[in-house]
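Structural features, examined
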Amino acid sequence: MNTELPPPDRNPASARVRQIVEAGLVRRYRRERRFRAYGLLSVVSGVLFLGFLLTTIVLNGYSAFRQTKLQLDLDLDPVVLGLGDGADSGALASADYQAVVKAGLGRLFPQVVDRKERRELNALASASAGYTLRDMVVAHPDLVGRRITAWLPADDKVDMLFKGRVGRGSDAGGQLNQAQFAWVDELIADGRVALRFNTAFFTNGDSREPEMAGIWGATKGSFFMLMVTLVLSFPLGVAAAIYLEEFAPRNRWVDFIEVNINNLAAVPSIVFGLLGLAVFINFFGMPRSAPLVGGLVLSLMTLPVIIIASRAALRAVPPSVREAALGIGSSPMQMVFHHVLPLAMPGMLTGAIIGMARALGESAPLLMVGMVAFIVDVPSTPLDPATVLPVQIYLWADSPERAFAERTSAAILVLLGFLLVMNMAAVWLRSRFERHW
Amino acid sequence: MRLSTLLLILCGLVVASFVLARRRAVATAGGYKGIRSLHSLPAYYGYFAAMWAAGPALLLLLLWSAASDPIIMGQVVEALPEPYRSIQGPELDLVLNDVRVLAAGRGSGTEQQQALQATAAHYQSLQAASRSLLATLAILLALAGGSYACRRINPRLQARNHVERVIRAVLVGASTIAVFTTLGILLSVVFEAARFFSRVPFHEFLFGLEWSPQTAIRADQVGSSGAFGAVPLFTGTLLISGVAMLVAVPIGLMIAIYLCEYAAPRVRALVKPVLEILAGIPTVVYGYFAAITMAPLLRELGQALGLQVASESALGVGLVMGVMIIPFVSSLSDDVINAVPQSLRDGSLALGATASETIKRVVLPAALPGIVGGVLLAISRAIGETMIVVMAAGLSARMTANPLEAVTTVTVQIVTLLVGDQEFDSSKTLAAFALGLVLFLVTLLLNIVALVVVRRYREQYE
């Protein structure tokens, strides 16, 4: 190989060096390419994994936004409903609507008379279809005594079958039986089964029935909790950052505070949960499962994040601003609050939003303070028992019903949507107000 | 009077004192023309008075709400009807709880509650009296504070200095919260752990090889003696974290190297946010993915290869956890690699080294302390990670080094011991706090070492 090269310089020693170097070049270049390929491979695998994760969740979850409904002809007969004569709104709300639903199903299949079979037939409609009907009638009381055609939610097993999530294999334990398959097929052939937008998913609290389970309760719980966290951790975090960055002397105590803050940012979140359980619930006797307590715990967790971001924002304000303010006679406090703080605010807000996004996705410490209970009611104050979106996901992920798997993924999609919006707000804020000095 | 009404009235008083004090300051200076004879700007006199109006009243409010309930309850206990006079301890708490429920108007009409009607009414009247007393006192205090401050106003009063001193005190207070949080964590965990160690010897917990925390409900029950040897939990945690590190460190480091040294700026600008998405996904999502997608995938793969893979295998959990930590490792390494001075690279390249040789022999050794610090932080995250393992790892403690088997971790046990109803002083729940103590101390050690290493490294090149 080196015979083809032009003759090297006369010095035999340097010629030998050159010979050795060139002999290794091919190998070295190959190594270079291989190393570079490893790097590219790592990047690609990271991106691919993200794609795989998101695709799986979207594919599992998108169908939960629509719910299978059955079209039934219903006789709102006051006798079947169990309504007496002077029926007021209270009686209207507590009437037996499920009986009407059952009658409606029975009318479609008059050949089914056996009690056991009737029960199997009734199982095709959701056990809570009556509630949907009740809401309809309470809103329009004049419907009583009329025959109406309504789309009512089907049972989750029918839902799964119609969406093609489960097959009709005989191994499907706890699934529909042959007779039920036949009825469902007949209903489909009649055009009485259809997918409709799943409003219940967005407006209901949790439920044991997948078709009635929704994320509104968890969303409101998350909202209350985030509000508590924001109200507590943002002012405190900014105040701490101002002190440490602008006023604190350099001494042991301040060093100790800084070590504490940096360490707290890396303490496992579940340890904060233990703190919340021991201090807030057992020592101060605060209510379990309340967003207030969850918010307190998460404020302590978010505080270091906000302090660190706020200090960075304060540090980015150039000293000339401070000097100018002091030069025209403002006190150090006036300098900070009138000049430095407004300039650092966008950076602090960005940090706060990122901290809030982290708090929104957090679940481990909330399990410790009891936000993991099964709660049907939608909370209306931060003191009501509630759960939050990530914990709702955790709860549903544990449920055996096939339909909950779909709803878990859908809830994840909603949660990721919220996180995306928050992070985009942070990015927008940064690009809109970022100043280069 | 409701608390919200009281707060509203107090707010009004505070605003009023601000306005009055400000006006008075201007008046003492002889109108806006003489304003230069004032020590501070007029608004500072307003803030001064507002602080005097708000501070004492809020302090009273805080102390009152902390102290009033125990005092009222003491009175209620003395006024309990005859059969309840003699009871003590937890049973008394139950009775008092019934009283509270009745007073709140949510009674369910049980026999006990009927007997307690009168007590509940007494409790209600005491509460009402306490509330109106508080309201009167708080309003009086706010009025007194405001008027005192107003009376002190004269042109030589250093209002700004007073106000700034208070603000400074608030700032100092805010900065100490981090210390109090650490202290709170330590105290809460240490106290409960100490109670645990008074029942289960320290060495048995740290070195015992068997973990089965189910304690017997009855003394004659079989097979539920309750063993608290935490070694299987530690090995399980290490196994899962080890797998996670095997995934996260090489991939994360290579991503950082590629993005810093090879990638075009446009690729870098595109890939970095994508990886940040990976870091922003909540852990519960990873946990769901590990349990629903990864575990079956690995089991089928294992079957195809003729291997027995448990459906809660440490491998699957570790893989997913590793992916979660990749962006963490890569962004920390990215920072330190970027901090290596360009002159070192230029020198190496000028001597004829290839880019990869420069990276391996110059950049990485120079960045090594920072990378080690980052890896330590990543290990601390892997050990403390909870949701992924709770959702996808096993529950039974097993000592094994085989990643295809199911193991359990410290965090899984903390969650299973503490979630759900428990009495608060059983060994089972206390054990969770002992585990929490171990977890806190280990991660504290890792974090401090990592922070020291990183800081020392940074100073080297600054």
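What you see is a predicted model, and the numbers here were worked out from it, not measured in a lab.

1. Looking at the overall build of chain B
In terms of regular secondary structure, chain B is built from 17 helices and two strands. Against the compact-globule benchmark of 23 Å for 462 residues, chain B has a radius of gyration of 32 Å, which places it well outside the compact range. Here the C-alpha coordinates of chain B stretch approximately 80 × 80 × 40 Å along the principal axes. Across the 462 residues that make up chain B, the buried fraction comes to 41%. For chain B, the proportion of contacts with a sequence separation of at least 24, taken over those separated by at least 6, is 74%.

2. Here we look at the overall build of chain A
Looking only at helices and strands, chain A features 18 helices and three strands. Taking 437 residues into account, the globule formula puts the C-alpha radius of gyration at 22 Å, and chain A, at 32 Å, lies well above it. For chain A, the C-alpha atoms occupy an extent of roughly 110 × 80 × 40 Å along the three principal directions. Across the 437 residues in chain A, those meeting the buried criterion constitute 43%. In chain A, of all internal contacts separated by at least 6 residues, the share reaching a separation of at least 24 is 76%.

3. Concerning the interface of chain B and chain A
Facing the 66 residues of chain B at the interface are 65 residues of chain A. Top contributing element to the side of chain B that touches chain A by residue count: helix H7 (residues 177–199) of chain B, with 10 residues.

4. Thoughts on the domain arrangement of chain A
Here chain A is described as being made up of domain 1 (12–62), domain 2 (64–202) and domain 3 (216–433). Using only C-alpha atoms to locate each centre, domain 1 of chain A and domain 2 of chain A end up separated by 59 Å.

5. A short note on unusual backbone geometry
Residues and elements named next belong to chain A. Even without being glycine, Ser 289 reaches a positive phi, approximately 65°. Mapping Ser 289 onto the fold places it in the loop between helix H12 (269–283) and helix H13 (291–315). You can call Ser 289 buried: it has 21 C-beta atoms within 10 Å.

6. Section: helix H11 (residues 252–264) of chain A
At 3.6 residues per turn, the α-helix brings residues three or four places apart onto the same side. All names here are of chain A. In a regular helix each residue adds 1.5 Å, so 13 residues correspond to 18 Å; H11 covers 18 Å between its end C-alpha atoms and thus fits that length. Among the residues making up H11, those that are buried are Ile 257, Asn 260, Ile 261 and Leu 264. What you see down the axis of H11 is that its buried residues fit within an arc of 95°, all on one side. Residues of H11 that are exposed and point over 90 degrees away from its buried face: Arg 252 and Asp 255.

7. Focus: the domain arrangement of chain B
The domain boundaries assigned to chain B delineate domain 1 (3–175) and domain 2 (227–461). Taking only C-alpha atoms, the centre of domain 1 of chain B and the centre of domain 2 of chain B are 49 Å apart.

8. So, the sheet that holds strand E1 (residues 66–75) of chain A
Residue and element names in this part refer to chain A. Taken together, three strands build an open sheet; the order of strands is E2-E1-E3 and the sheet is antiparallel. Looking at which strands have only one partner, the edges of the open sheet turn out to be strand E2 (147–153) and strand E3 (193–197). On average, each strand axis in the sheet is tilted by 40° relative to the strand beside it, whichever way the strands run. Looking at chain direction, E1 and E2 are connected through seven bridges and run antiparallel. Along E2, the bridge assignment pairs Asp 73 with Thr 149. Each of E1 and E2 is contacted by helix H6 (residues 129–139), which is oriented at about 130° to E2, the strand it contacts most.

9. Some details on the nonpolar core
Residue and element names in this part refer to chain B. In this structure, Ala 290, Val 320 and Ile 388 are the most contacted members of the largest nonpolar core, which totals 223 residues. Considering every element that reaches this core, the biggest residue donor is helix H9 (residues 231–262), with 19 residues. Counting residues in each nonpolar core, the second largest holds 27 residues, with Leu 10, Leu 13, Ala 54 and Val 163 among its members.

10. What about the environment of Ser 130 of chain B?
Residue and element names in this part refer to chain B. When you line up the elements, Ser 130 lands in helix H5 (residues 117–152). Between the alpha carbons of Ser 130 and Trp 64 there is a distance of 9.1 Å; along the sequence they are 66 residues apart. In contact with Ser 130, other than residues within four places in its own chain, are Ser 68 and Ile 72.

11. Brief notes about the confidence of the model for chain B
Residues of chain B with pLDDT of at least 70 account for 90%, and the chain-wide mean is 84. Both scores are available for the predicted complex, with the pTM at 0.86 and the ipTM at 0.88.

12. Focus: the packing of helix H1 (residues 3–28) of chain B against H5 of chain B
Residues and elements named next belong to chain B. It is at 10 Å that the axes of H1 and H5 come closest, and there the two elements cross at 10°. Relative to H5, H1 is oriented roughly parallel. Contacts between H1 and H5 involve Leu 6, Ile 9, Leu 10, Leu 13, Ser 17, Leu 20, Ala 21 and Arg 24 on the former and, on the latter, Ala 135, Ala 138, Ile 139, Ala 142, Leu 143, Gly 146, Ala 149 and Cys 150.

13. Side note on the environment of Val 158 of chain A
All names here are of chain A. Looking at where Val 158 falls in the secondary structure, it is placed in helix H7 (residues 156–162). Considering only alpha carbons, one finds Val 158 and Thr 68, 90 residues apart in sequence, at a separation of 7.5 Å. Beyond its immediate sequence surroundings of up to four residues, Val 158 is in contact with Thr 68, Leu 124 and Val 184.

14. Quick notes on the packing of H11 of chain A against H7 of chain B
Following both chains from N to C, one finds H11 of chain A and H7 of chain B inclined at 60°, their axes separated by 8 Å at the closest point. With respect to their mutual orientation, H11 of chain A and H7 of chain B come out oblique. Here H11 of chain A and H7 of chain B pass one another in a crossing that is left-handed. Touching Ile 257, Asn 260, Ile 261 and Leu 264 of chain A of H11 of chain A are Ala 178, Val 179, Thr 181 and Thr 182 of chain B, all from H7 of chain B. In terms of residue class, the contact of H11 of chain A with H7 of chain B is built from five nonpolar, three polar and no charged.

15. Brief notes about the environment of Tyr 97 of chain A
Residue and element names in this part refer to chain A. Structurally, the position occupied by Tyr 97 is in helix H4 (residues 97–108). Between the alpha carbons of Tyr 97 and Tyr 62 there is a distance of 31 Å; along the sequence they are 35 residues apart. Beyond its immediate sequence surroundings of up to four residues, Tyr 97 is in contact with Leu 81, Gly 130, Leu 133 and Arg 134.

Calculation rules
- Within any chain, residue numbers begin from 1 and follow the written order of that chain's sequence.
- Ligands are numbered from 1 and chains lettered from A, in the order in which they are written.
- Residue-level local features of this predicted model are given only where pLDDT is at least 70; pairs of side-chain atoms are given and counted only at 80 or more, and the full residue set underlies all totals for whole chains, interfaces and linings.
- The way it works is that DSSP assigns letters per residue, a run of H or I at least four long becomes a helix, a run of E at least two long becomes a strand, and they are numbered from the N terminus.
- Only C-alpha atoms enter the radius of gyration; for comparison, a globular chain is expected to reach 2.2 Å times N to the power 0.38, where N is the number of residues.
- We call a residue exposed when 12 or fewer other C-beta atoms sit within 10 Å of its C-beta, buried when the count reaches 20 or more, and partly exposed for counts in between; the C-beta positions come from the backbone.
- Once C-beta atoms are placed from the backbone, any two residues with those atoms within 7 Å are in contact.
- Note: domain ranges come from an automatic or database domain assignment.
- Each residue after the first adds 1.5 Å to the expected span of a helix.
- Note that the arc is computed from the directions linking the helix axis to the C-beta atoms.
- Note on pairing: two strands pair once DSSP finds at least 2 bridges between them.
- Helix axes are fitted only over the stretch in contact, all axes being lines through C-alpha atoms; the angle between N-to-C directions runs from 0 to 180 degrees.
- As used throughout, a nonpolar core is a set of buried Ala, Val, Leu, Ile, Met, Phe, Trp, Tyr and Cys residues joined through C-beta atoms within 7 Å of each other.
- What pLDDT expresses is the predictor's confidence in each residue, scored from 0 to 100.
- For this classification, under 35 degrees means roughly parallel, over 145 means roughly antiparallel, 65 to 115 means roughly perpendicular, and everything else is oblique.
- Crossing chirality is assigned from the near helix's rotation relative to the far helix, an anticlockwise turn below a right angle marking it left-handed and a clockwise turn marking it right-handed.
- Three classes are used: nonpolar for Ala, Val, Leu, Ile, Met, Phe, Trp, Tyr, Cys and Pro, charged for Asp, Glu, Lys and Arg, and polar for all others, with Gly counted as polar.

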